[in-house]
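The lines below spell out each chain.
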Amino acid sequence: MTNTDDINWDSVKSEIENLYTSLPSITIDLYQLNINQEDVLAFNTEIDKLTGVVKDEKKEETLSQLTKVYEYIPKFLRSSGQEELYTTLIETKLNVFKAYAKLDTNNWQEISKDMKNAIDSYSKLLTNTEIDARKQYNISKAYIMLNELQNAVNLQDTSVFLIKYKNLLEEMNNI
């Protein structure tokens, strides 16, 4: 995670190829959930574009394209009526990932905007009274970690950001 220069492109290419074996089933599932057909087709097109930038082994473009693909996931979740907790977590992860994808650009102002969006989105969970106490503890802990990640942005320190990013995602996956 902290070594940003060693990308195993063969592994990434293999994962993309594997995705294509599942994509027809994913597409059918999305249609059965009455997801907008144009959104599903656009999602598939974004995956095709992702394949192209991965093939060319362009890190910055790959991260940018990954965020475009990932943007559809919260949209699909909202359209399919998924629970608010899960949808908000995915929406927050999207914003954090957008910040991560911009690290190589050193555009800390844009990264900060993405982090603000992540914090704003996630804040909805802090006041949700329907969440059990155990999950509420993890939600509060992840909220602190989100703010700590924002502090790394304020420091403009990529190494600190990467460490906190990894820990935050692990915590959010525990929720």
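Scope of this entry: the structure provided in the associated data block. A quick note: this is a predicted structure, and the numbers were derived from the prediction, not measured.

Considering the overall build of the protein chain
Along the protein chain, the regular secondary structure elements total eight helices and zero strands. Sequence-ordered secondary structure for the protein chain, helices as α and strands as β, is α-α-α-α-α-α-α-α. Against the compact-globule benchmark of 16 Å for 175 residues, the protein chain has a radius of gyration of 17 Å, which places it among compact chains. If you line up the protein chain on its principal axes, its C-alpha atoms span 40 × 40 × 25 Å. Put simply, of all contacts in the protein chain between residues at least 6 apart along the chain, 62% involve residues at least 24 apart. When the accessible surface of the protein chain is totalled, it reaches about 9900 Å², and 47% of it is carbon and sulfur. Where the 19 positive side-chain charges of the protein chain centre and where its 28 negative ones centre are 3 Å apart.

Re helix H8 (residues 158-174)
With 17 residues, H8 should cover 24 Å at 1.5 Å per step; its first-to-last C-alpha distance of 24 Å lies within 8% of that length. When H8 is considered as a whole, its buried residues turn out to be Phe 161, Leu 162, Tyr 165, Leu 168, Leu 169, Glu 171 and Met 172. Here the buried face of H8 lies against helix H5 (84-101), helix H6 (108-126) and helix H7 (133-155). Regarding H8, its N-cap is Asp 157, as a side-chain oxygen of that residue lies 3.0 Å from the backbone nitrogen of Ser 159 further along.

Overview of the side chain of Thr 67
Inspection of the secondary structure assignment puts Thr 67 in helix H3 (residues 59-70). Judged by its relative accessible area of 9%, Thr 67 is buried. Not counting chain neighbours up to four residues away, the residues in contact with Thr 67 comprise Leu 94, Phe 97, Lys 98 and Ala 101.

A look at the environment of Lys 98
Relative to the helices and strands, Lys 98 is located in helix H5. Contact partners of Lys 98, with chain neighbours within four places excluded, come to Thr 67, Glu 71 and Asp 114.

Description of the environment of Asn 138
Of note, Asn 138 is situated in helix H7. Residue Asn 138 is classed as buried on the basis of its relative accessible area of 12%. Apart from the residues within four sequence positions on either side, Asn 138 is in contact with Tyr 122, Glu 171, Asn 174 and Ile 175.

Considering the side chain of Gln 150
For Gln 150, the position within the fold is in helix H7. Excluding residues that lie within four positions of it along the chain, Gln 150 makes contacts with Ser 112, Met 115, Lys 116 and Ile 119.

Observations regarding the packing of aromatic side chains
What the rule picks out here adds up to eight aromatic pairs. Considering the side-chain rings of Tyr 72 and Phe 76, the 5.8 Å spacing of their centres and the 40° angle between planes classify their relative orientation as tilted. Taken as a pair, Tyr 72 and Phe 76 lie in helix H4 (residues 72-80) at a separation of four residues, close to a single helical turn. Per residue, the accessibility class of Tyr 72 equals that of Phe 76, and both read buried. Between the aromatic rings of Tyr 122 and Tyr 143, the centroid separation amounts to 6.4 Å while the plane-to-plane angle is 10°, which identifies the pairing as stacked. One end of the pair, Tyr 122, is in helix H6; the other, Tyr 143, is in helix H7, with 21 residues separating them in the sequence. The buried category is assigned to Tyr 122, whose relative accessible area is 0%.

Description of the nonpolar core
With 31 residues, the main nonpolar core has Tyr 122 and Phe 161 as its most contacted residues. Listed by contribution, the elements that provide at least two residues to this core are H5, H6, H7 and H8. Tyr 122 has contacts with Thr 88, Leu 89, Thr 92, Asn 138, Ile 139, Ala 142, Tyr 143, Leu 146, Met 172 and Ile 175, leaving out every residue within four places of it along the chain. Core analysis: the second largest hydrophobic core is formed by 14 residues, Ile 16, Ile 35, Phe 43 and Phe 76 among them.

A short note on helix H2 (residues 37-55)
Taking 1.5 Å as the rise per residue, H2 with 19 residues should run 27 Å; its terminal C-alpha atoms sit 27 Å apart, in good agreement. Regarding H2, the residues found buried are Asp 39, Val 40, Phe 43, Asn 44, Glu 46, Ile 47, Leu 50, Val 53 and Val 54. The inward-facing, buried residues of H2 contact helix H1 (9-32), H3 and H4. One side-chain oxygen of the residue at the start of H2 lies 2.7 Å from the amide nitrogen of Glu 38, identifying that residue as Asn 36. Where H2 terminates, the next one or two residues include Glu 57, which has phi positive at roughly 55°.

The rules behind the values
- Residues numbered from 1 in each chain as written.
- Predicted model: local features only at pLDDT ≥ 70, side-chain atom pairs only at ≥ 80, totals over all residues.
- Heavy atoms only, no water.
- Helix = DSSP H or I, 4+ residues; strand = E, 2+ residues; numbered from the N terminus.
- Rg over C-alpha atoms; globule rule 2.2 N^0.38 Å.
- Contact = heavy atoms within 4.5 Å.
- Areas by Shrake-Rupley, 256 points an atom, 1.4 Å probe, with all protein chains shown as cover.
- Lys, Arg positive; Asp, Glu negative; His and termini not counted.
- Charge placed at Lys NZ, Arg CZ, Asp CG, Glu CD.
- Expected span 1.5 Å × (residues − 1).
- Buried < 20%, exposed > 50% of the residue type's maximum accessible area, 1.4 Å probe, protein only.
- Polar contact = N/O pair within 3.5 Å; in protein donor to acceptor, adjacent residues only side chain to side chain.
- Phe/Tyr/Trp six-rings, centres within 6.5 Å; stacked < 30°, edge-to-face > 60°.
- Core = buried A, V, L, I, M, F, W, Y, C linked by side-chain atoms within 4.5 Å.

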